[in-house]
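Coordinates in review
Here is what each chain is made of, one letter per residue.
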Amino acid sequence: MTAFEQTSEAVLENSVQRESAADPALARGSEAAAPRPVEELDSVVIRFVGDSGDGMQLTGSEFSKAVAKAGHGFATHPDYPSEIRAPTGTLFGVSGYQIQYGAREVFTSGDAPDALVAMNPAALKTNLPDVKHGGIVIANTGAFSDGNLAKAGYAANPLDDGSLDGYRLFKIDISALTAAALRDSGLSKKEVGRCKNYFALGLMLCLYGRPFDNEIDEIRDKFAKKPEFAEANVTALRAGHAYADAAEIFAATYQVREAAARPGTYRSITGNQAAALGFVAASETAGVPLFLGSYPITPATDILHELSALKHFDVTTFQAEDEIAGICSTIGAAYGGALGLTTTSGPGMALKTEAMGLAVMLELPMVIVNVQRGGPSTGLPTKIEQSDLLQAVYGRNGECPIPVIAAKSPSDCFDCAIEAVRLAVKYMTPVILLTDGGIANAAEPWRIPDVASLPKIDVTYRTDPQGFQPYARDENLARAWVRPGTPGMEHRVGGLEKDFLTGNISHDPNNHQRMVDVRAAKVAGTAKDIPPSKVEGPAQGELLVVGWGSTYGTIAQAREQAAAQGRPVAHLHLRHLNPLPPDLGDILTRYKTVLVPELNMGQLTKLLREQFLRDVVPLNKVQGKPFKVAEVLDRILELS
Amino acid sequence: MTAFEQTSEAVLENSVQRESAADPALARGSEAAAPRPVEELDSVVIRFVGDSGDGMQLTGSEFSKAVAKAGHGFATHPDYPSEIRAPTGTLFGVSGYQIQYGAREVFTSGDAPDALVAMNPAALKTNLPDVKHGGIVIANTGAFSDGNLAKAGYAANPLDDGSLDGYRLFKIDISALTAAALRDSGLSKKEVGRCKNYFALGLMLCLYGRPFDNEIDEIRDKFAKKPEFAEANVTALRAGHAYADAAEIFAATYQVREAAARPGTYRSITGNQAAALGFVAASETAGVPLFLGSYPITPATDILHELSALKHFDVTTFQAEDEIAGICSTIGAAYGGALGLTTTSGPGMALKTEAMGLAVMLELPMVIVNVQRGGPSTGLPTKIEQSDLLQAVYGRNGECPIPVIAAKSPSDCFDCAIEAVRLAVKYMTPVILLTDGGIANAAEPWRIPDVASLPKIDVTYRTDPQGFQPYARDENLARAWVRPGTPGMEHRVGGLEKDFLTGNISHDPNNHQRMVDVRAAKVAGTAKDIPPSKVEGPAQGELLVVGWGSTYGTIAQAREQAAAQGRPVAHLHLRHLNPLPPDLGDILTRYKTVLVPELNMGQLTKLLREQFLRDVVPLNKVQGKPFKVAEVLDRILELS
Amino acid sequence: MNDMTLPVTLTKKDFESNQDVRWCPGCGDYAVLAQIQKLLPTLGIPKENFAFISGIGCSSRFPYYMDTYGMHSIHGRAPAIASGLKVARPDLSVWIVTGDGDALAIGGNHFIHAMRRNVDLKVILLNNRIYGLTKGQYSPTSEFGKKTKSTPLGSIDRPFSPVSLALGAGATFVARTVDGDLQHLASVLARAAAHKGTAFVEVLQNCIVFNDGAHAAITDKATRDDTRLLLEHGKPLVFGKNRDKGVRLRGMEPEIVALDADGADRQQLVVHDESATHAGLAFFLSQFDTPDLPVPLGVFRSVNAPTCDELNAQLHDGARAAKGRGDLAGLLNSGDTWTIG
Amino acid sequence: MNDMTLPVTLTKKDFESNQDVRWCPGCGDYAVLAQIQKLLPTLGIPKENFAFISGIGCSSRFPYYMDTYGMHSIHGRAPAIASGLKVARPDLSVWIVTGDGDALAIGGNHFIHAMRRNVDLKVILLNNRIYGLTKGQYSPTSEFGKKTKSTPLGSIDRPFSPVSLALGAGATFVARTVDGDLQHLASVLARAAAHKGTAFVEVLQNCIVFNDGAHAAITDKATRDDTRLLLEHGKPLVFGKNRDKGVRLRGMEPEIVALDADGADRQQLVVHDESATHAGLAFFLSQFDTPDLPVPLGVFRSVNAPTCDELNAQLHDGARAAKGRGDLAGLLNSGDTWTIG
Ligand SMILES: Cc1ncc(C[n+]2csc(CCOP(=O)(O)OP(=O)(O)O)c2C)c(N)n1
Ligand SMILES: Cc1ncc(C[n+]2csc(CCOP(=O)(O)OP(=O)(O)O)c2C)c(N)n1
Ligand code: SF4
Ligand code: SF4
Ligand SMILES: [Mg+2]
Ligand SMILES: [Mg+2]
């Protein structure tokens, strides 16, 4: 254990050094005096931090929109306290929003910020350690009162005691400047305070060379109902921009090279939004109504929120009394001919396991989404983790196989939702879709697909009583889907073992064996739908990195950086986890070493070892945070 | 699948041939005419079958007692319908009781009966296929009415149409003979009918040369409250015995060689009884009150029944509203300083998984017993299966390790209960104990241990507030057990991740890693308590059979028979399944082949492959029945 | 149940499945099965539009014996499954058959929430005051002090009154009947079938094997007329072999009064009102129990309220009226979009 | 709570833990925390004998702020955990703090069974009629038609009355109070603490962030005197700023009457009786709600019944009296034994 910690600490250290070396801000150090140049960057990482009340989530997402519209790739990471509204100025009340954007595809929100905007001492205290050496720190001096300093546990004011010498510190009294700008707005002091975040936004837009006209429209229709606020915020935005424009403040402004993004219409999307859209898309293309039975739980609840607003589609949302009722109502709806969906996170998943067994026995199509979070038990509800994989594969009584797939990014949640539904209806089986608290809330640009290009899903309910046997199977071993209300096909289903054809209760020994075998064969058979695995990088050689789920971006970026350093390694990211892709065993044999990074203690590692009797190198982390690119890169460099 | 069926069918076939060859009954065929000799046997398998109402369970268990008292080793297998009281004469209403007893240790209730007592046509129909070729069939002709024949689906009377020529058939009108014997008893016709089973018992006691005086006392105190019934049953018993004595009926009587059983006091015990006694023993030796929170479920309920009758011990039983409340009340009691126990079967286990996660976070001592049954879902509630192993090891959200052990026989449930408690309190952790519907209800003789010889379990509650930290750990990484009510040590626990020492909520990334690691290390550390593995047979060589749980008897007997046939193979039976014994990896390397028989589709196989990257040969069966010795033996012979 | 297709003439036979009924001979469940099989053909609902959902228990084997769509689900979950089915398929007539353990022990939460939501379900609870299938442990309706396999010294739990619990949860239709009285059973089941919304019927059912005579107090021919109170809407509370006893109020406490021949003081008797806006009366009656007070049988409460499934359908209609039928392309392209190239 | 050790003099401070309280500024939970911290020192119970058990929710963070033994368990399970604790440790004073979601959504089954069993627990339900911790979805107590994140078109569920549900489940002590009225809050909590058996207190609590003003109808200073009915044992039901309104019965329907100055017709008013043998009155009151009727605050019902933990202890005493303290060797050697050699 301690051993592990040390390595991971080490990993961190190195990463920080290496990256700060490559840091534009540092490089610039010398020329600070020169007439203000415009730095061209490949990518930049900015973090906005403040009190939960300071509106940093808004500032951050508005900034993302601005860069998105310039065609930059970006990835974000919102990070708010688990408290609903923590007391102001406290360390645990700090809320943050990080964005990385760049000229090429951006995979992650970045390891360490190049620039930090800290609205109060607590925000500075909790976030400074992450900032790159020599990075930019913009501090709202107006909030650095003795009271706030005390709350943050600062003995002395860090803005004055030289403790920030390692950074490019900009002390700006955002509070006062905003107040000044809004002197005549007629707004109350409290209301004026609420405009600070737009001042900060204007300032950063200027510093990073983004126009703000778009933003002005944004503000006007966001506050359409309260025009006085709209104008106040616009004024604050302008003021912030103008302030930054004043040459003497910043030695330079920055410009991230224009991106050559793939043509198309884009929107910014989170994993939970994408999942919701994916299920609606599946329901529409299949022409089958969608029924969501769910009980709220962080970080899965937004899927329920999204779908509950889509009642003008064939979407019913049922907020159940608990997770058991969530999945059971879904089973009832699926029996009724609806596309069953239930969404939850770890603890709720645990509660659903008995009913999943029933779903397996009934062989009805439904999708169970587990937006994983830190465990065990209540664990770390707002944090990212991938530790429910083995539960998904093995966590039921009896021989109870269920296909399991996982999404690799926010927008991939859309495709995975459709894939999950496709498998569910084709094979008449529950399907588990794993995402996690990371991609569920993180936003990235999504190139909106053309509806015509979406995978077809055909569903036919059986209506012909001729020779109907409830458990007779097609070539995929799927039984027929029969809606109650269909004349002449009345039949009973249930959780007791049932006859291979009639579905009536059967205690016959060989029938039980046969049913256990066929349920297993059916799920194993879904493997034939898995497309050939796409390996990034060399088709054989030294090192293959195998990942699943939300680690995709980190691994992909690490692979690129390794390649850039002349270490070409391969990356295979698994969507299908049960069954595993048929060509996987083969692929593994083509590499000398297989590295398996996971945000758990080695669950995919176990599956690979068991299935392929192949030793692999695990890289594990359960700290409620994603891997840093550097953590994966370092391991790659050690192994290749 | 079909492939598998064929082999297992094949297995069956061979077994039948081989065994019937060794069958005394057949051997005897010729000499049927000679003056009645007494056949000496090494062991015999007898099955009593009849209507649920015929009292076959009683006949069977009384017969077991009789042979037990003669010092024979024995094993039984009761098999009743899942219906409470099925309509008389129906095939699904048949109830049976099989016993094997012998001169040496007896491991199983036997593959195929040497003798079948069938009280009606339905019983004959459903059980005849199991009887050895040439075996004895005693049929109660009185019940072979046209009505009953029809209910059993017989076109013609099998007793007359020669379809039983392959067996040694004895047609006896037990109904009439009993009625005759009780002509003057003054009992009603219905009441007289109820005495049939004692007639059958007397008859079999005579045929197998057992005295019946003991039995008479038995009857008298069983029916102490109704002396007229007592006498009637005694009369029926005597009549049955006398009838069999009449030389012209049976060509021979049988005598199983006297056993040289280990001296001591014995009782017949089922797995559920043994488990209950084990937990009481643990509670008494530890001096800690036992709290059982449970919800009834087949086949686990008898543990609740047993313990609820022991309130004069420090035993509290709480029949909860469901399984979740069962384990949660147990968690509450364990927090209060009681020894926590909750008992259930598969579906109930599924419902407990969320709370198990809490128990892992709280690090409180409790035992979760899963008496496995056929799955998935409701499955086959009254049947044997071992398919909840992976659920026990992996079936929770998050990284949530729990030690898992399994009992190998009815009496081993006693030792395992104590071992589970010992681990729980020493390491302050929940422990899962797996048994199954086979050993839970099967009876075997148990040599009652001397209380002084029981493993010591010492428990000390911490009472010293000095430097107390709720999550500080001892050398076993166990935290202290502190009872509410202890002054100066008030503290809070919960399911959110907590600080490594104080137990207060902590979102610190490294603390989470540290806690996940230490929880894993603690459970892994229980391995140091696992005694060196005891391998039966050669210490290295061709073949090692690795089993767990209730397959012990079958594998042990198969191994003995293989040895007898000059094929010395090794047998290792695992009690500890998570973690696995530290010396296991080593042992596996000493054999060319490893055979893993399981009543599931290969769950221990998965654990072994994953942990040791070692290929093994699985032998799997999910038919709601134990392996036949022949099924395992055949595989052994193929592999060694 | 509302949108009927052309009337079909069905018979009891049409609702008998091909599975052998596997309850113990003499089990009270048989009577309920027969009555429901008799009732359904009279409802003018196509056979294929019935769905019977159950949990686990002897009582929960019910669906196997009905030749309708049906699900023998998992223990206690029938109300949740049935709610999902009915909300997804308002056109079906969805029935739940459950037991005192299935509905009130493990299934208690789904039970009260079904009552609260007023999903249009018929909930038939076969209350034998014991766990039958698991061979005789006490249940949440077993009388205090009951000796069973799991309570050899007598249980220490106070029983639920299923009727009180349902009313406490806000049920719109609540009734009680008894397996032995076929006529009463039939009429109450018919009333339940006719109710729009969650209709809860407690059937006092005899488990001949593990709890025989549990309801003897009100089934025993000799005494039952004095221990039963047959509820009739709009009628005063009168009972007794010679209908010579009545119930009146002292404050809010019930009090039994003897009625003289001329029945003068019937005026003061409490008058039953199934559809009182205030649920107080129904609950007041639900608390009656022997020996002090007669056990009310019949319909305690029957009030109209929009059903969950109706309201859900209205949400959809409303949303479509407001926004038009959803368009997928429109949805995907909604929110803040930007175009490149 | 009964077996007290020598009186200890404790203060509010003694019950404040070292953890920062993390509720939103202005949250109604603060008031309840403060009142309970004030109450406990007055009970003469050693500090170490208190245990606070909660589930999950804003309200369920409560135990962290109490310097007593405590468990922040899992969602909805506090009643089951607390029941196990109390039955195993009757010497402790066990309190549950829960929310409308924790107790009535996921925890509904354990809630009603705790009420039924009458385990000696104090159950404080902070009812803000919303899921606070998960940021504002409707709860089982949210008013019909409520627009929330999960019901943008308005909820279609009929809410529970927690008081009615508890009474329907057979609770022996049921009360309601409101976070803002410290005096009333304190007195009701004190009554609950004094009750032997499951004591249920619904606290109408304001969630300032997600459901601000949910209880405005009865907390708004201007109107509250006309919308609240303060229950007083043995007193007629009178309310109104000038105590000029009363409640009387028409049949079993409540009816508001104006009281003339001389209060002549007070005679006909319903008189409150917490300890009526029949629970009808309490339930009758529990169904009152604005706008038609005033919302009763105070103790609806308080009756004595043996507690589950007491009875369990008695079972043990009885068993020992009958058989003597169990002897392990005797137990192992019981049943049919035989000896060999
Ligand atoms: C999850 C789960 N827990 C427990 C059981 C065991 N079980 C089956 S039925 C039952 C109780 C049945 O009682 P009731 O609902 O009254 O039905 P009855 O048999 O009396 O008609 C129990 C405890 C189960 N099948 N599943
Ligand atoms: C098993 C499980 N399901 C869901 C959740 C998510 N969750 C936590 S608290 C809560 C509801 C809280 O509402 P309430 O009990 O009213 O407490 P409040 O926050 O309003 O005080 C939910 C749904 C969880 N933590 N665990
Ligand atoms: S056990 Fe009781 S309830 Fe079950 S079938 Fe038999 S008589 Fe009926
Ligand atoms: S969200 Fe509501 S209930 Fe939760 S702490 Fe904030 S104000 Fe209180
Ligand atoms: Mg029952
Ligand atoms: Mg709430």
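For every chain, the first residue of the written sequence is number 1, and numbering continues from 1 onward in sequence order. Chains carry letters from A onward and ligands carry numbers from 1 onward, assigned in written order. Where local features are concerned, this predicted model is filtered to residues with pLDDT of at least 70; where side-chain atom pairs are given and counted, the filter is 80 or more; whole-chain, interface and lining totals use all residues. Side-chain calculation: all heavy atoms of the structure are included, whereas hydrogens and water are not.

1. As for the site of ligand 2
We call a residue near a given molecule or strand whenever any one of its heavy atoms falls within 4 Å of it. Near ligand 2 there are 23 residues, and of these Glu323 of chain A together with Cys58, Ser59, Asp100 and Asp102 of chain D occur at the shortest range. Around ligand 2, the neighbouring residues derive from chains A, B and D rather than from a single chain. By the criterion applied in these results, polar contacts are pairs of N or O atoms within 3.5 Å in which, for protein atoms, one can donate a hydrogen and the other can accept it, and in which residues neighboring in sequence qualify only through two side-chain atoms. Between ligand 2 and Asp102 of chain D there is a distance of 2.6 Å, counted from an oxygen atom to a backbone nitrogen or oxygen. In the model, an oxygen atom of ligand 2 is placed 3.0 Å from a nitrogen or oxygen of the Ile130 of chain D main chain. With residues, only the protein chains shown are counted as cover, and all accessible areas are computed by Shrake-Rupley using a 1.4 Å probe. Here ligand 2, which alone exposes 590 Å², has 98% of that area covered by the protein.

2. A look at the coordination of the magnesium ion (ligand 6)
Residue and element names in this part refer to chain D. Excluding water, the donors of a metal are its N, O and S neighbours within 2.8 Å, or within 3.2 Å for Na, K and Ca, and that exclusion means sites may look incomplete. Taken together, the protein donors to the magnesium ion (ligand 6) comprise Asp100 (OD), Asn128 (OD1) and Ile130 (O), at separations of 2.0 to 2.2 Å. Ordering the donors of the magnesium ion (ligand 6) by residue number gives the pattern D-x27-N-x1-I. With Asp100 in helix H3 (residues 100-104) and Ile130 in the loop between strand S4 (121-127) and helix H5 (162-168), this residue pair connects regions lying 30 residues apart in the sequence. The residues Asp100 and Ile130 share a single accessibility class, namely buried. Helix numbers and strand numbers start at the N terminus; a helix is a DSSP run of H or I with at least 4 residues, a strand a run of E with at least 2. With a 1.4 Å probe rolled over the protein chains alone, any residue whose accessible area is under 20% of its type maximum counts as buried; one over 50% counts as exposed, and the rest are partly exposed.

3. Re the coordination of the magnesium ion (ligand 5)
Within the protein, the atoms that donate to the magnesium ion (ligand 5) are Asp100 of chain C (OD), Asn128 of chain C (OD1) and Ile130 of chain C (O), at distances of 2.0 to 2.2 Å. Judged by its relative accessible area of 3%, Ile130 of chain C is buried.

4. A closer look at the relation of the copies chain A and chain B
The superposition of copies rests on a least-squares fit of C-alpha positions from residues with pLDDT of 70 or more in both. By a simple turn and slide, chain A fits onto chain B: the slide is 0.0 Å along the axis, the RMSD is 0.1 Å, and the turn is 180 degrees. Accordingly, the operation relating the two chain copies is best matched by a two-fold axis. Looking at the interface residues of chain A, 100% of them are also at the interface in chain B, so both copies use one shared face. What makes two residues a contact is simply this: any of their non-hydrogen atoms within 4.5 Å.

5. Things to note about the domain arrangement of chain A
Residue and element names in this part refer to chain A. Where each domain starts and ends follows an automatic or database-derived domain assignment. What the domain assignment lists for chain A is domain 1 (3-256), domain 2 (267-453) and domain 3 (535-639). One C-alpha centre belongs to domain 1, the other to domain 2; they are set 35 Å apart. Between domain 1 and domain 2, the residue contacts involve nine residues of the former and eight residues of the latter. The junction of domain 1 with domain 2 conceals about 640 Å² of combined surface from both sides, 56% of it contributed by carbon and sulfur atoms. Defined here as a combined quantity, buried area equals the accessible surface (1.4 Å probe) lost by two parts on assembly, summed across both. The largest per-residue losses of area from domain 1 upon contact with domain 2 belong to Phe74, Thr76 and Tyr80, which jointly make up 55% of the total buried on that side. Criterion for a salt bridge: a side-chain nitrogen of Lys or Arg within 4 Å of a carboxyl oxygen of Asp or Glu. If you look at where domain 1 meets domain 2, you find one salt bridge.

6. Thoughts on the pattern of salt bridges
Scanning all chains against the criterion turns up 106 salt bridges over all chains. For Arg519 of chain B, the salt bridge identified is with Glu497 of chain B, shortest N-O distance 2.8 Å. Of this pair, Arg519 of chain B sits in helix H18 (residues 509-525) while Glu497 of chain B sits in the loop between strand S17 (492-494) and H18; the two residues are 22 residues apart in sequence, bridging distant segments of the chain. A salt bridge links Asp157 of chain D to Arg116 of chain C; the nearest nitrogen and oxygen atoms lie 3.5 Å apart. A residue pair is termed interchain when its members come from two chains, as with Asp157 of chain D in the loop between S4 and H5 and Arg116 of chain C in helix H4 (residues 108-117). Given the relative accessible area of 3%, Arg116 of chain C is considered buried. Sharing partners across several salt bridges, the network here consists of Glu62, Lys65, Lys69, Glu218 and Lys222 of chain A together with Asp336 of chain C.

7. Structural notes on the sheet that holds strand S2 (residues 43-51) of chain B
All names here are of chain B. If DSSP finds at least two bridges between two strands, the strands pair. Sheet architecture is open: six strands sit in the order S3-S4-S2-S5-S6-S7, paired in mixed fashion. Unpaired on one side and paired on the other, strand S3 (73-79) and strand S7 (168-172) mark the two borders of the sheet. Averaged over neighbouring strand pairs, the angle between their axes works out to 15 degrees when direction is ignored. Inspection of the sheet shows S3 paired to strand S4 (residues 94-102) by seven bridges, in the antiparallel sense. Bridge pairing in S4 links Ala75 to Gln100. Taken strand by strand, helix H3 (residues 56-69) contacts S2, S3 and S4, and its axis lies near 10 degrees from that of S4. In this analysis an axis means a line fitted to C-alpha atoms, helices contributing only their contacting stretch, and an angle means the value between N-to-C directions, from 0 to 180 degrees.

8. As for the interface of chain A and chain B
Taken together, the contact between chain A and chain B spans 66 residues of the former and 66 residues of the latter. Roughly 5700 Å² of surface becomes buried between chain A and chain B when both sides are summed, with 61% attributable to carbon and sulfur atoms. Per-residue buried area on chain A facing chain B is highest for Pro376, Asn397 and Glu399 of chain A; these three make up 12% of the total on that side. Run the count over chain A and chain B and you get two salt bridges. Across the pair Glu610 of chain B and Arg609 of chain A runs a salt bridge, and its minimum N-O distance is 3.3 Å. Where chain A meets chain B, there are 26 residue pairs in polar contact (both at pLDDT 80 or more). If you list the elements that add at least two residues to the side of chain A that touches chain B, you get helix H1 (2-21), helix H14 (346-362), helix H15 (389-394), helix H18 (509-525) and helix H21 (603-612) of chain A. Here the side of chain A that touches chain B is composed, by residue class, of 22 nonpolar, 25 polar and 19 charged. Each residue is assigned to one class: nonpolar for Ala, Val, Leu, Ile, Met, Phe, Trp, Tyr, Cys and Pro, charged for Asp, Glu, Lys and Arg, and polar for all the others, Gly among them.

9. Some points on the packing of aromatic side chains
Stacked, tilted and edge-to-face are the three classes assigned to paired rings of Phe, Tyr and Trp, where Trp is represented by its six-membered ring and a pair needs centres within 6.5 Å; plane angles under 30 degrees give stacked, over 60 edge-to-face, the rest tilted. Enumeration according to the criterion identifies 46 aromatic pairs over all chains in this entry. Between Phe63 of chain A and Tyr208 of chain A the ring centres are 6.5 Å apart and the planes differ by 90 degrees, which places this aromatic pair in the edge-to-face class. A residue pair is termed long-range when its members are at least 10 positions apart, and Phe63 of chain A in helix H3 (residues 56-69) and Tyr208 of chain A in the loop between helix H8 (196-207) and helix H9 (213-222) qualify at 145 residues. Put simply, the rings of Trp23, Tyr30, Phe52, Phe62, Tyr65 and Trp95 of chain C touch in pairs and so form one group of aromatic residues. Charges are assigned to positions over rings by a cutoff of 6 Å between ring centre and Lys NZ or Arg CZ, combined with an angular limit of 35 degrees from the ring normal. Positioned over the ring face of Tyr154 of chain A is Lys125 of chain A, at 4.8 Å from the centre of the ring. Of note, Arg479 of chain A hangs over the ring of Tyr471 of chain A, and the distance from its end group to the ring centre comes to 4.5 Å.

10. Regarding helix H10 (residues 227-245) of chain A
Taking 1.5 Å of rise per residue, 19 residues should cover 27 Å, and H10 of chain A covers 27 Å from first to last C-alpha, within 8% of that figure. Every buried residue belonging to H10 of chain A is among Phe229, Ala230, Ala232, Asn233, Val234, Ala236, Leu237, Ala239, Gly240, His241 and Ala244 of chain A, and all of these are buried. Multiply 1.5 Å by the residue count of a helix minus one, and that product is the helix's expected span.

11. Observations regarding the pairing of strand S4 (residues 94-102) of chain A
Looking along a regular strand, one sees the side chains alternate between the two faces of the sheet. All names here are of chain A. Of all the nine residues making up S4, nine are buried; the element is thus mostly covered by neighbouring parts of the structure. Both faces of S4 are covered, namely the face carrying Val94, Gly96, Gln98, Gln100 and Gly102 and the face carrying Ser95, Tyr97, Ile99 and Tyr101. Here strand S2 (residues 43-51) runs beside S4; their pairing, made up of nine bridges, is antiparallel. Counterpart to Arg47 in the pairing with S4 is Gln98.

12. Some points on the confidence of the model for chain C
pLDDT: the predictor's confidence for each residue, scored from 0 to 100. Averaged over all residues, the pLDDT of chain C is 94; the fraction at 70 or higher stands at 96%. Scored by ipTM, the complex comes to 0.94, with pTM at 0.93.

13. Observations concerning the site of ligand 1
As a matter of local geometry, ligand 1 sits amid 23 residues, with Glu323 of chain B together with Cys58, Ser59, Asp100 and Asp102 of chain C nearest to it. In this structure, ligand 1 is bordered by residues of chains A, B and C. Within the backbone of Gly101 of chain C, one N or O atom sits 2.9 Å away from an oxygen atom of ligand 1. At 2.9 Å from an oxygen atom of ligand 1 is found a main-chain nitrogen or oxygen belonging to Gly132 of chain C. Within the complex, the protein chains bury 98% of what would otherwise be the 590 Å² of accessible surface of ligand 1. Every element with two or more residues in the shell around ligand 1 is listed here: helix H14 (346-362) of chain B together with helix H3 (100-104) of chain C. Residues that form the shell around ligand 1 fall into these classes: 11 nonpolar, eight polar and four charged.

14. Observations regarding the nonpolar core
Here, nonpolar core means buried Ala, Val, Leu, Ile, Met, Phe, Trp, Tyr and Cys residues that are tied together by side-chain atoms lying within 4.5 Å of each other. Ranked by internal contacts, the top residues of the largest apolar core, which has 340 residues, are Leu604 of chain A together with Leu604 of chain B. Those residues within four positions of Leu604 of chain A in sequence are excluded, and the remaining contacts are Leu389, Val546, Gly547, Trp548, Leu574, Leu577, Leu580, Val596 and Glu598 of chain A.

15. A word on the interface of chain A and chain D
Each side of the interface is counted separately: chain A has 24 residues, and chain D has 29 residues. Both sides of the chain A and chain D interface together cover about 2100 Å² of buried area, and 60% of this is carbon and sulfur. Of all residues in chain A, the largest losses of buried area upon contact with chain D belong to Ile84, Arg85 and Gln319 of chain A, amounting jointly to 30% of the total for that side. The tally of links between chain A and chain D comes to zero salt bridges. Along the contact surface separating chain A from chain D lie six residue pairs in polar contact (both at pLDDT 80 or more). Broken down by class, the residue content of the side of chain A that touches chain D amounts to 10 nonpolar, eight polar and six charged.

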